[in-house]
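Here is what each chain is made of, one letter per residue.
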Amino acid sequence: MPEAKQMARSTQYATCADFQRIFDEDMNSLHLLSLLLTADREKAEQCFVCGLDGAVDGNPVFKEWARSWARRVIIQNAVRAINPRPVEDNRSRSNSIDSHDKALEDQQVEMAAVLELEPFDRFVYVMTILEHYSDYECSLLLSSSRRDVLAARTHAFQQLGKAMEKHSKQLPTAQHSTLHERRTSVLDLMVAGA
């Protein structure tokens, strides 16, 4: 009987094979999560690979939680890689996007706008809006105050709103009406994949 109890207990937890299956099935959304957080293709790949290693080698996790744990490990790796910190109120940006990212901006304005956010604002936006972390959880993971999280999310919404407004002004008038009807985007697909 103790053997049966031991087997039942061990099958409750996600195995290496479970995490490999999850990373295989959710590869696109997990990589997109890494990219949105890091805004850098190489760092995104590192976060993805380290995420698989961390999920497999980390603490035991219930099978039911394995998928959300995989996303959390990606976020934790991105936090370690980028170390996002709140920016003072001047919020000036000096980053520029290269020509490869310019093509991405033309095709996916929303994603490009998220990638253009300051690292802390980007992390807060992705974690609280796309990944549905609470302000409290977000502040703990980012080692910041809830006030910083709220301010960063507000700033992120303002920046995204400006980017979408700028994009809609550049569209011919016939496309303005379809822009609001067509809400499928890379970001929507990422949230749906979660």
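Please refer to the structure placed before this passage.
Residues numbered from 1 in each chain as written. Predicted model: local features only at pLDDT ≥ 70, side-chain atom pairs only at ≥ 80, totals over all residues. Heavy atoms only, no water.

Enquirer: Explanation requested: the overall build of the protein chain in the structure shown.
Expert: On a plain count of helices and strands, the protein chain comes out with 12 helices and zero strands. Beginning at the N terminus, the succession of helices and strands in the protein chain can be written as α-α-α-α-α-α-α-α-α-α-α-α. For the protein chain, with 194 residues in total, the buried portion stands at 38%. When contacts within the protein chain are restricted to residue pairs at least 6 apart in sequence, those whose partners lie at least 24 apart make up 73%. Taken as a whole, the protein chain presents about 11700 Å² of accessible surface, with 52% of it coming from carbon and sulfur. (Helix = DSSP H or I, 4+ residues; strand = E, 2+ residues; numbered from the N terminus. Buried < 20%, exposed > 50% of the residue type's maximum accessible area, 1.4 Å probe, protein only. Contact = heavy atoms within 4.5 Å. Areas by Shrake-Rupley, 256 points an atom, 1.4 Å probe, with all protein chains shown as cover.)

Enquirer: Help me understand helix α5 (residues 66-82), please; the structure alone is not making it clear to me.
Expert: In an α-helix, one turn spans 3.6 residues; hence positions three or four apart end up facing the same way. Between the first and last C-alpha of α5 there are 24 Å, a value that for 17 residues agrees with the 24 Å anticipated at 1.5 Å per step. Along α5, the positions that sit buried rather than exposed are A66, A70, R71, V73, I74, I75, N77, A78, V79 and I82. (Expected span 1.5 Å × (residues − 1).)

Enquirer: I keep staring at the packing of aromatic side chains and nothing clicks. Help me out?
Expert: Applying the stated criterion to the full structure yields four aromatic pairs. Seen from their ring centres, Y13 and F62 are 5.2 Å apart, and the 10° between their planes marks the pair as stacked. Of this pair, Y13 sits in the loop between α1 (2-10) and α2 (16-25) while F62 is found in the loop between α4 (41-57) and α5, placing the two residues 49 residues apart along the sequence. Classification of Y13 by relative accessible area gives partly exposed; the value is 29%. With a centroid separation of 5.0 Å and 90° between ring planes, the pair formed by F62 and W65 is classed as edge-to-face. With relative accessibility at 51%, the residue W65 sits in the exposed group. Each member of the aromatic cluster is reached from another via a ring pair, and the members are Y13, F62 and W65. (Phe/Tyr/Trp six-rings, centres within 6.5 Å; stacked < 30°, edge-to-face > 60°.)

Enquirer: Is there a simple way to explain the side chain of T38 in this structure?
Expert: By the element assignment, T38 lies in helix α3 (residues 27-38). For T38, a relative accessible area of 4% gives the class buried. Reaching out from T38, the side chain makes a polar contact with the backbone oxygen of S34 at a distance of 2.8 Å. Side-chain polar atoms of T38 contact the backbone nitrogen of A44, separated by 3.5 Å. Excluding residues that lie within four positions of it along the chain, T38 makes contacts with K43, A44, C47, A78, I82 and R122. (Polar contact = N/O pair within 3.5 Å; in protein donor to acceptor, adjacent residues only side chain to side chain.)

Enquirer: Looking at this structure, I do not really get the pattern of salt bridges. What am I missing?
Expert: As enumerated under the stated definition, the model contains seven salt bridges in all. Here D18 and K63 are joined by a salt bridge, their closest N and O atoms 3.9 Å apart. Residue D18 is located in helix α2, and its partner K63 is located in the loop between α4 and α5; the two are separated by 45 residues in the primary sequence. Given the relative accessible area of 13%, D18 is considered buried. Taking the shortest distance from any N to any O, the salt bridge between E25 and R21 comes out at 3.4 Å. With E25 and R21 both in helix α2 and four residues apart, the pair spans about one turn of that helix. (Salt bridge = Lys/Arg side-chain N within 4 Å of Asp/Glu carboxyl O.)

Enquirer: Got a minute to help me understand the environment of W65 in this structure?
Expert: In this structure, W65 sits in the loop between α4 and α5. Between the alpha carbons of W65 and Y13 there is a distance of 9.0 Å; along the sequence they are 52 residues apart.

Enquirer: For this particular structure, what's the right way to read α3?
Expert: Between its first and last C-alpha atoms α3 spans 16 Å; for 12 residues at 1.5 Å apiece the expected length is 16 Å, and the two agree. Within the span of α3, buried status applies to S29, L30, L32, L33, S34, L35, L36, L37 and T38. Two residues or fewer past α3, A39 is found with a positive phi of approximately 55°.

Enquirer: I tried to follow the nonpolar core on my own but got confused; where do I start?
Expert: It is characteristic of soluble globular proteins that their nonpolar side chains tend to be buried jointly. Residues L36, I75, F123, Y125, V126, M127 and L142 are the most contacted members of the largest nonpolar core, which totals 43 residues. Elements with a contribution of two residues or more to this core: α2, α3, α4, α5, α7 (109-116), α8 (119-130), α9 (135-141) and α10 (146-170). With eight residues, α5 is the largest single contributor of residues to this core. Setting aside residues no more than four positions away along its own chain, L142 makes contact with V79, P84, R85, F120, F123, V124 and M127. (Core = buried A, V, L, I, M, F, W, Y, C linked by side-chain atoms within 4.5 Å.)

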